[in-house]
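Report on the structure
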Amino acid sequence: MEIRHLRYFLAVAEAGHMTRAAERLGIQQPPLSQQIKALEKSLGMALFHRHPKGVALSDAGRLFEMEARRLVDDMAAMEQRMARVARGELGVLNVGFTSSAAAHTFTPEALRACRRAWPGIALSIREDHAAGITEAVAAGRLHCGLIRVPVSQPEGLTFEVLLREPVLVALPGDHALATRKTARAVSLAELRDEGFILVRQPGAPGLYANLLALCEAQGFRPRIAAEVERMVTSLNLVAAGAGIAVVPASMRGLHPHAVVYLPLADGTPLDAPLTLVYRTADAVGPAAHFLKIARDTARKAQARSRRGRSA
């Protein structure tokens, strides 16, 4: 028995006539009559009473009609759901982000926009360091990820910079640079004797490799006070007075009563990008919708930033 046999049966039941049902189905009457007889034979029961003016459902036929209609309706609903899946309107989107990417207002804004625009897409969120997210995207465990600076660039992945923001020096609240009367930008040279709290490789070598290179260009190699796996952890240690850290500006809301955030002096070539990573050949369905939303959200954030600077 196939789903078409059920559709044939329902058409005959509704029309009460073989010829009219055949016209509705767009087939000839003799083949339709043969299909109905074959269905009755396979079930071992008569579904219709034949009479000169047409057909009428038997008692067994009325019971079969309820089951057939349920199955046909379920099949139609499934076909509609699969069509939505094919259009990317339904499904699961697996997104990863680093703790510092999550701290940027862009990330929750983009996720909310995705939920509003595509309520049929279930978001599965994972936090990890940049290397873990990159590996998961490459392996197909994540559709896309939000990181800062790529730690590696495997073949088949696209790394798209959505936004850039300045970095800040995070100092314990009682640090001499934090308590001076006039707040001003800090030069790297002023940090020569400080203990730096860095995110451990391979978590984020990109951003911190750039920082170390700049320090060496200033004639010193930073003293490492601690290495951690998450940027949030580095700020926890700064708040505890264990050292200083250099973090994206969007993280300045953490520990506001225990950490002072100061900009680096003008001309220091260091910033924190927000980078979207995804499989180049697999940007379809829910992933494609999220990529568009991410780009639109980034453009809006850039426009707000420009308006803020010109105000």
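In case you missed it, the structure is sitting above this.
Residues numbered from 1 in each chain as written. Predicted model: local features only at pLDDT ≥ 70, side-chain atom pairs only at ≥ 80, totals over all residues. Heavy atoms only, no water.

1. Notes on unusual backbone geometry
The line we're drawing: Each helix corresponds to a stretch of at least 4 residues labelled H or I by DSSP, and each strand to a stretch of at least 2 residues labelled E; elements are numbered beginning at the N terminus.
With a phi angle near 50°, His-255 is a residue other than glycine that sits in the positive phi range. Position of His-255 among the secondary structure elements: in the loop between strand S9 (245-248) and strand S10 (259-263).

2. Focus: the packing of aromatic side chains
Selection criterion: Only centres within 6.5 Å qualify two rings of Phe, Tyr or Trp (six-membered ring in Trp) as a pair; their planes then separate them into stacked at under 30 degrees, edge-to-face at over 60, and tilted for everything else. Under the scheme applied here, a residue whose accessible area is under 20% of the maximum for its type counts as buried, over 50% as exposed, and between as partly exposed, the area being computed with a 1.4 Å probe on protein chains only.
As enumerated under the stated definition, the model contains 2 aromatic pairs in all. Taken together, a centroid distance of 5.3 Å and an interplanar angle of 45° make the contact between Phe-9 and Phe-48 tilted. One end of the pair, Phe-9, is in helix H1 (residues 3-15); the other, Phe-48, is in strand S1 (residues 48-51), with 39 residues separating them in the sequence. A ring pair is formed by Phe-9 and Phe-64, whose centres lie 4.9 Å apart and whose planes are at 75°; its orientation type is edge-to-face. One end of the pair, Phe-9, is in helix H1; the other, Phe-64, is in helix H4 (residues 59-86), and 55 residues separate them in sequence. Overall, the relative accessible area of 0% leaves Phe-9 in the buried class.

3. Overview of a nonpolar patch on the surface
Here is the rule we go by: Every patch collects residues that have over 30% relative accessible area and no salt bridge, joining them within 9 Å if they carry like charges and within 5 Å if they are nonpolar side chains (Val, Leu, Ile, Met, Phe, Trp, Tyr). In these tables, accessible area is a Shrake-Rupley quantity obtained with a 1.4 Å probe, and a residue counts as shielded only by the protein chains included in the view. Any Lys or Arg side-chain nitrogen located within 4 Å of an Asp or Glu carboxyl oxygen qualifies as a salt bridge.
A contiguous nonpolar patch, built from Met-78, Met-82 and Val-85 and spanning about 250 Å² of accessible area, is present on the exposed surface. For Met-82, the location among the structural elements is in helix H4. A residue is classified by how much of its surface remains accessible, and Met-82, at 47% relative accessible area, is partly exposed.

4. Digging into H4
The cut-off we apply is this: Working rule for helices: expected span equals 1.5 Å times residues minus one.
With 28 residues, H4 should reach 40 Å at 1.5 Å per residue; the first-to-last C-alpha distance of 41 Å fits that figure. Those residues of H4 not exposed but buried are Gly-61, Phe-64, Ala-68 and Val-72. Phi turns positive one or two residues past the end of H4, at Gly-88, with a value near 80°.

5. Some thoughts on the packing of H1 against H4
The angle between the axes and the distance between the axes are what describe a pair of packed helices. Going by this rule: Axes here refer to lines fitted to C-alpha atoms; in helices the fit is confined to the stretch in contact. Angles between the N-to-C directions go from 0 to 180 degrees. Just so you know how the angles are binned, under 35 degrees is roughly parallel, over 145 roughly antiparallel, 65 to 115 roughly perpendicular, and the rest oblique. We call a crossing left-handed when the near helix sits turned anticlockwise from the far one by less than a right angle, and right-handed when that turn is clockwise. Any two residues having at least one pair of non-hydrogen atoms within 4.5 Å are treated as being in contact. For this scheme, ten residues count as nonpolar: Ala, Val, Leu, Ile, Met, Phe, Trp, Tyr, Cys and Pro. Four count as charged, namely Asp, Glu, Lys and Arg, and the remainder, Gly too, count as polar.
Axis separation between H1 and H4 bottoms out at 9 Å; the angle between their running directions is 125°. As summarised for this structure, H1 and H4 are arranged oblique, according to the angle between their axes. When you trace H1 past H4, the crossing you get is left-handed. Contacts between H1 and H4 involve Ile-3, Leu-6, Arg-7, Phe-9, Leu-10, Ala-13 and Glu-14 from the former and Gly-61, Phe-64, Glu-65, Ala-68, Arg-69, Leu-71, Val-72, Met-75 and Glu-79 from the latter. In terms of residue class, the contact of H1 with H4 is made up of 10 nonpolar, 1 polar and 5 charged.

These values are about where atoms sit, not about what they do.
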